[in-house]
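Given next are the chains, with one letter for each unit.
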Amino acid sequence: SMSFTSTTVLPGTDIEQALEVLRVGTMGRTTGDNGVNSVSSRSHAIFQVMVERRSNQCAFPLQATKLNFVDLAGSEKLRPGSGVSVVLQEV
């Protein structure tokens, strides 16, 4: 089953606004100690950017695209000093 604890859609008009939304979203993510990294991500994140261009000067008055940035919470545990990851089965 899927659940979403926080989904927010915010309009913006420039890169500074998009970066601020990303910063605030990153601050709200769940982190935890995995034995190697004390702030390992324990939550998934999806950051979608919808880019629209409107023009009366071209054949298509509205051009749009959606960019999806996905960061999945890790399910690996690194062995200290080895640089090798061991995938753990999450139950």
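Up top is the structure these notes are about.
Below, the structure is looked at part by part.

Let us now look at the packing of aromatic side chains. Going through the model one piece at a time under the given rule, you end up with one aromatic pair. Relative to Phe69, the ring of Phe47 has its centre 6.3 Å away and its plane inclined at 40°; by these criteria the two rings are tilted. Of this pair, Phe47 sits in strand β3 (residues 45–54) while Phe69 sits in strand β4 (residues 62–71), placing them 22 residues apart in sequence.

The next point concerns the side chain of Ser55. One can find Ser55 in the loop between β3 and β4. The exposure class of Ser55 is buried, given its relative accessible area of 17%. Separated by 3.0 Å, the side chain of Ser55 and the backbone nitrogen of Gln57 make a polar contact. Ignoring anything within four residues of it in the chain, the contact list for Ser55 reads Phe60 and Pro61.

Glancing now at the pattern of salt bridges. Counting across every chain of the model gives two salt bridges. For Arg23, the salt bridge identified is with Glu20, shortest N-O distance 2.8 Å. Placement of the pair is Arg23 and Glu20 together in helix α1 (residues 15–27), with a separation of three residues, close to one helical turn. For Arg23, a relative accessible area of 44% corresponds to the partly exposed category.

Here the focus is a nonpolar patch on the surface. Taken together, Ile15, Leu19 and Leu22 make up a surface patch of nonpolar side chains, about 270 Å² in accessible area. Positionally, Leu19 belongs in helix α1.

Across its 13 residues, α1 extends 18 Å between first and last C-alpha, which sits within 8% of the 18 Å expected from 1.5 Å per residue. Between the side-chain oxygen of the N-cap and the backbone nitrogen of Glu16 there are 3.2 Å, and the N-cap of α1 in question is Asp14.

Here is what the cut-offs are and how they apply
- Residues numbered from 1 in each chain as written.
- Predicted model: local features only at pLDDT ≥ 70, side-chain atom pairs only at ≥ 80, totals over all residues.
- Heavy atoms only, no water.
- Phe/Tyr/Trp six-rings, centres within 6.5 Å; stacked < 30°, edge-to-face > 60°.
- Helix = DSSP H or I, 4+ residues; strand = E, 2+ residues; numbered from the N terminus.
- Buried < 20%, exposed > 50% of the residue type's maximum accessible area, 1.4 Å probe, protein only.
- Polar contact = N/O pair within 3.5 Å; in protein donor to acceptor, adjacent residues only side chain to side chain.
- Contact = heavy atoms within 4.5 Å.
- Salt bridge = Lys/Arg side-chain N within 4 Å of Asp/Glu carboxyl O.
- Patch = residues over 30% accessible without salt bridge, like charges linked within 9 Å, V, L, I, M, F, W, Y side chains within 5 Å.
- Areas by Shrake-Rupley, 256 points an atom, 1.4 Å probe, with all protein chains shown as cover.
- Expected span 1.5 Å × (residues − 1).

Everything listed is a geometric property; what it means functionally is a separate question.
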